[in-house]
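Letter by letter, the chains look like this.
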Amino acid sequence: VQLQASGGGLVQAGGSLRLSCAASGRTFSGYTMGWFRQDPGNEREFVAAIFRDGGNTYYKDSVKGRFTISRDVAKKTVYLQMNMLKPEDTAIYYCAVSSRAILSTLRVSSSYNYWGQGTQVTVSS
């Protein structure tokens, strides 16, 4: 599986961006899809995930109500709609796929088998 993330950019606080992550190589039906982010000096942190059942989504507390994760199985693409962006959302955002994550581990980066290359999101104040 190869993942290609896109959609990052520079936006003012309060603005919106939509990240996309297109998968190639195989369908990811039955896999958990996630988004993580990392800024310099900090560890990669969980942002959002859509569980392999396709119906349940999970978020980092600080993005709840602002970010929405979704996926299009036919297009093999997962999205992260980010609204009301804040300067503290500035980071490189990575998409990831997991064949083995369970509910208790889907927030853990080591649960994910495949990673995209990252896309930079910069939110100015």
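I will try to describe carefully the structure that is included in this document. Keep in mind the model is a prediction, meaning the values are calculated, not measured. (Residues numbered from 1 in each chain as written. Predicted model: local features only at pLDDT ≥ 70, side-chain atom pairs only at ≥ 80, totals over all residues. Heavy atoms only, no water.)

## Here we look at the environment of V97
Line of reasoning, step 1. If you trace the backbone, V97 turns up in strand 9 (residues 91–98).
Line of reasoning, step 2. Taking the C-alpha atoms as reference, V97 lies 26 Å from V123; in sequence the two are 26 residues apart.
Line of reasoning, step 3. Ignoring anything within four residues of it in the chain, the contact list for V97 reads L3, Y31, T32, M33, Y112, N113 and Y114. (Helix = DSSP H or I, 4+ residues; strand = E, 2+ residues; numbered from the N terminus. Contact = heavy atoms within 4.5 Å.)

## Regarding the packing of aromatic side chains
Line of reasoning, step 1. One pass over the structure, following the stated rule, counts 4 aromatic pairs.
Line of reasoning, step 2. Counting every residue linked through ring pairs, the aromatic cluster contains F36, F46, Y112 and W115.
Line of reasoning, step 3. If you follow R44 out to its NZ or CZ, it ends over the ring of Y94, 3.8 Å from the centre.
Line of reasoning, step 4. The ring of W115 has R44 lying over it, and the distance from NZ or CZ to the ring centre is 4.7 Å. (Phe/Tyr/Trp six-rings, centres within 6.5 Å; stacked < 30°, edge-to-face > 60°. Lys NZ or Arg CZ within 6 Å of the ring centre and 35° of its normal.)

## Points about the nonpolar core
Line of reasoning, step 1. Grouped together as the largest cluster of nonpolar side chains are 28 residues, with contacts concentrated most on W35, V47, F67, I69, L80, M82 and Y93.
Line of reasoning, step 2. Those elements that place two or more of their residues in this core are strand 1 (2–6), strand 3 (17–24), strand 4 (32–38), strand 5 (45–50), strand 7 (67–72), strand 8 (77–82), strand 9 and strand 11 (119–124).
Line of reasoning, step 3. Once residues within four sequence positions are removed from consideration, I69 is found in contact with M33, G34, W35, A48, A49, I50, T57, Y59, V78, Y79 and L80.
Line of reasoning, step 4. By size, the runner-up hydrophobic cluster in this structure holds 9 residues, among which are A49, Y58, A96 and L106. (Core = buried A, V, L, I, M, F, W, Y, C linked by side-chain atoms within 4.5 Å. Buried < 20%, exposed > 50% of the residue type's maximum accessible area, 1.4 Å probe, protein only.)

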